[in-house]
Amino acid sequence: MKQVINVNLKTNKYDIVISQSENDFLTGLKKTLKTSSLFVITDKNIEKLHLKYFTNLLKQKGYNVKISVIHAGETGKNIKSLSFLYDKALEAGIDRKSCVIAFGGGVVGDVAGFFAATYMRGINYIQVPTTLLAMTDSSVGGKTAINTKGGKNIAGAFYQPSLVWINSSFLSTLPRRHIKNGFAEIIKYALIFDKKFYDYLFDALDNETIAPKDFDYIIYKSCTYKAKIIEKDEKEITGLRAVLNLGHTFAHALETLTKYRKFLHGEAVAIGILFAAKLSLRTKICGPEVYKEVEKLLKKANFNLDAKNDEQQLLLLMKKDKKSLNGNIKFILIENIGKTADRLVKDDIVLDVLKSFTR
Ligand SMILES: NC(=O)c1ccc[n+]([C@@H]2O[C@H](COP(=O)([O-])OP(=O)(O)OC[C@H]3O[C@@H](n4cnc5c(N)ncnc54)[C@H](O)[C@@H]3O)[C@@H](O)[C@H]2O)c1
């Protein structure tokens, strides 16, 4: 089944095509592109698993395909990869009219997007995500970035793709840990926007493996929510997009403290969501039944919610986060399943909740 979400931004419009049919992608591509010159960027794992299939698809349609492969995982999201891509693209004759295809997970999407934003002052790019996290979150919204020595996503740009093709059949080779990782952001959408979606996820997670039709529905719902938010606040200016940061202030602190080695992003976000629920309970934004519902779904998705860590360090790191204001930290809190509220919370309360949470 094919589903199309139109993302209507002030600056540009693009389609998210959710379909396992290659023809749906190729039709979208033909409609979008004015060039036959493509620069496919992927990583070493996807190169082994899916690159041949993907590039053959393009070549059969007459596209002139050049390929560049970066290191897999977070270590590939750096200035070295970017510099390597600039050189490779130039060598391959990629020009201002060519189009980049980011074929991979969130790392490939972020690096290839930033490459496209800056190569020859900006060329078009298309996202073809291959992880659940990228299909439900990072391939939509135009945030592109690389990490520097100083931290995560330090250099980047808002730069929207011209098309997103999501084919959930790529998930068949994705390791279980990365499937679970994707569920944190999906659960986040349900908690922010939609009790019915919460119930749907609760049932879908009953099964040992998620059925393809469930994946497609989950991806569709997630992208719809993300698109709705970015249409209203593309560059996180009005504060609306900030709602998507639910669980992220704590998650970023935990990831930094554990040097990005212990937790995948989604694993840290899952713990961050539970922390936000605990803070919501403590500040009486929600009652105990809401907290329990949040915990129940995160546990059902099999997240390890053990957050044992140094609470003072976590507090310090959270205060360094972008969401800190006049010493108080701004949190997205959970009022009810499907409803959030933002609040500035005083340090002593945050620390108090951290103590009960991290011991
Ligand atoms: N731009 C945004 O809005 C946004 C949002 C959330 C996260 N992110 C970024 O996304 C990154 C994380 O993304 P991710 O979780 O997709 O990580 P990833 O891109 O590192 O992919 C995870 C692992 O799975 C492998 N892989 C990818 N697809 C596969 C497949 N189909 N089969 C088998 N293996 C496959 C990759 O090679 C990698 O080893 C982080 O850098 C994060 O900052 C960006």
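See the structure printed just above.
Structure report, in brief.

How each quantity is defined
Here the residue numbers are simple positions, counted from 1 along each chain's written sequence. Where local features are concerned, this predicted model is filtered to residues with pLDDT of at least 70; where side-chain atom pairs are given and counted, the filter is 80 or more; whole-chain, interface and lining totals use all residues. To get the side-chain values, all heavy atoms of the structure are used, and hydrogens and water are removed first. Here a strand is any run of E in DSSP of at least two residues, a helix any run of H or I of at least four, and the numbering for each starts at the N terminus. Both definitions apply: the radius of gyration is a C-alpha atom measure, and the globule rule equals 2.2 Å times residues to the power 0.38. Only protein chains enter the calculation, and the probe is 1.4 Å; a residue is then buried if its accessible area is under 20% of its type maximum, exposed if over 50%, and partly exposed in between. Any two residues whose heavy atoms approach within 4.5 Å are treated as being in contact. Areas reported here follow the Shrake-Rupley algorithm with a probe of radius 1.4 Å; residue values treat only the protein chains shown as occluding. In this tally Asp and Glu are treated as negative and Lys and Arg as positive; neither His nor the chain ends contributes. Charged groups are reduced to one reference atom each: NZ for lysine, CZ for arginine, CG for aspartic acid, CD for glutamic acid. A cavity here means a set of points on a 1 Å grid, drawn over the protein atoms and nothing else, where a 1.4 Å probe fits but cannot get out; a pocket is an open set with protein on both sides within 12 Å along at least five of seven lines, and a residue lines either one if it has an atom within 4 Å of a point. Grid points are joined across faces, edges and corners, and a volume is the space filled by probe spheres set on the points. Residues are sorted three ways: Asp, Glu, Lys and Arg are charged, Ala, Val, Leu, Ile, Met, Phe, Trp, Tyr, Cys and Pro are nonpolar, and all the rest, Gly among them, are polar. Helix axes are fitted only over the stretch in contact, all axes being lines through C-alpha atoms; the angle between N-to-C directions runs from 0 to 180 degrees. In what follows, roughly perpendicular refers to angles from 65 to 115 degrees, roughly parallel to angles under 35, roughly antiparallel to angles over 145, and oblique to any angle outside these ranges. Whether a crossing is left-handed or right-handed is set by the direction in which the near helix is turned from the far one by less than a right angle, anticlockwise for left-handed and clockwise for right-handed. For this purpose, a residue is taken to be near a molecule or strand whenever a single non-hydrogen atom of the residue falls within 4 Å of it. Polar contact is defined as a pair of N or O atoms within 3.5 Å, subject to the rule that within protein one atom must be able to donate a hydrogen and the other to accept it, and that residues adjacent in sequence are counted only when both atoms are side-chain atoms. As used throughout, domain bounds are those supplied by an automatic or database domain assignment. Each pair of aromatic rings taken from Phe, Tyr and Trp, with Trp reduced to its six-membered ring, is defined by centres within 6.5 Å and is described as stacked if the planes are under 30 degrees apart, edge-to-face if over 60, and tilted in the remaining cases. Here, a charge over a ring means that NZ of Lys or CZ of Arg falls within 6 Å of the ring centre while also lying within 35 degrees of the ring normal. We call a set of buried residues a nonpolar core when its members are Ala, Val, Leu, Ile, Met, Phe, Trp, Tyr or Cys and they connect through side-chain atoms within 4.5 Å of each other.

## Here we look at the overall build of the chain
Then, in step 1: A tally of regular secondary structure across the chain gives 14 helices and 12 strands.
Then, in step 2: Over its C-alpha atoms the chain spans a radius of gyration of 20 Å, differing by no more than 12% from the 21 Å that the globule rule assigns to 359 residues.
Then, in step 3: With respect to the three principal axes, the spread of C-alpha positions in the chain is 60 × 40 × 35 Å.
Then, in step 4: Sorting the 359 residues of the chain into buried and exposed places 56% on the buried side.
Then, in step 5: Counting only contacts in the chain whose residues sit at least 6 apart along the sequence, the fraction spanning at least 24 positions is 74%.
Then, in step 6: When the accessible surface of the chain is totalled, it reaches about 16,400 Å², and 51% of it is carbon and sulfur.
Then, in step 7: Placing the 55 positive and 37 negative side-chain charges of the chain at their respective mean positions leaves the two points 4 Å apart.

## Comments concerning empty space enclosed by the protein
Then, in step 1: One pass over the structure, following the stated rule, counts 1 cavity of 30 Å³ or more.
Then, in step 2: Considered as a void within the structure, the largest cavity measures approximately 50 Å³ in volume.
Then, in step 3: Forming the walls of the largest cavity are N245, L246, G247, H248, T249, F250, G272, F275, A276, F331 and I332.
Then, in step 4: Every element with two or more residues in the lining of the largest cavity is listed here: α10 (248-257), α11 (265-282) and β11 (328-336).
Then, in step 5: Tallied by class, the residues present in the lining of the largest cavity amount to 6 nonpolar, 5 polar and no charged.

## Observations regarding the packing of helix α7 (residues 176-193) against helix α9 (residues 212-232)
Two quantities define a packed helix pair, namely the angle between the helix axes and the distance between the axes.
Then, in step 1: Contact geometry of α7 with α9 gives a least axis separation of 10 Å together with a crossing angle of 55°. Between α7 and α9, the crossing angle belongs to the class labelled oblique. The way α7 lies across α9 gives a crossing that is left-handed. Side by side, α7 and α9 meet where I179, F183, I186, Y189 and F193 of the first sit next to F215, I218, S222, Y225, K226 and I229 of the second.

## Some points on the site of the ligand
Then, in step 1: Near the ligand there are 28 residues, and of these D43, G106, T130, T131 and T173 occur at the shortest range.
Then, in step 2: For the ligand, an oxygen atom lies 2.8 Å from a polar atom in the backbone of G106.
Then, in step 3: Taking N181, its side chain carries an N or O atom lying 3.5 Å from an oxygen atom of the ligand.
Then, in step 4: The protein chains hide 90% of the 870 Å² of surface that the ligand would expose on its own.
Then, in step 5: Every element with two or more residues in the shell around the ligand is listed here: α2 (44-49), α5 (106-118), α6 (132-138), β8 (151-158) and α7.
Then, in step 6: Of the residues that constitute the shell around the ligand, the class distribution is 8 nonpolar, 12 polar and 8 charged.
Then, in step 7: Each of domain 1 (3-173) and domain 2 (176-358) contributes no fewer than three residues to the shell around the ligand.

## Comments concerning the packing of aromatic side chains
Then, in step 1: Inspection of every chain in the model, using the stated rule, returns 17 aromatic pairs.
Then, in step 2: Ring geometry for F193 against Y225: centres 4.6 Å apart, planes inclined by 5°, an arrangement best described as stacked. Note that F193 is positioned in helix α7 and Y225 in helix α9, a separation of 32 residues in sequence.
Then, in step 3: Relative accessible area serves as the criterion here: at 27%, F193 is assigned to the partly exposed category.
Then, in step 4: Within the aromatic cluster, the residues linked to one another by ring pairs are F25, Y53, F54, F103, W165 and F170.
Then, in step 5: Positioned above the aromatic ring of Y189 is the side chain of K188, whose terminal nitrogen or guanidinium carbon lies 5.2 Å from the ring centre.

## Notes on the nonpolar core
Nonpolar side chains tend to gather and get buried jointly when the protein is soluble and globular.
Then, in step 1: Membership of the largest hydrophobic core comes to 102 residues, with the highest contact counts inside it found for I16, F25, F54, L58, F183, F250 and F275.
Then, in step 2: In terms of residue count, α11 provides more of this core than any other element does, 10 residues in total.
Then, in step 3: In contact with F250, not counting residues within four places along its chain, are I271, G272, F275, A307, L314, M318, L354 and F357.

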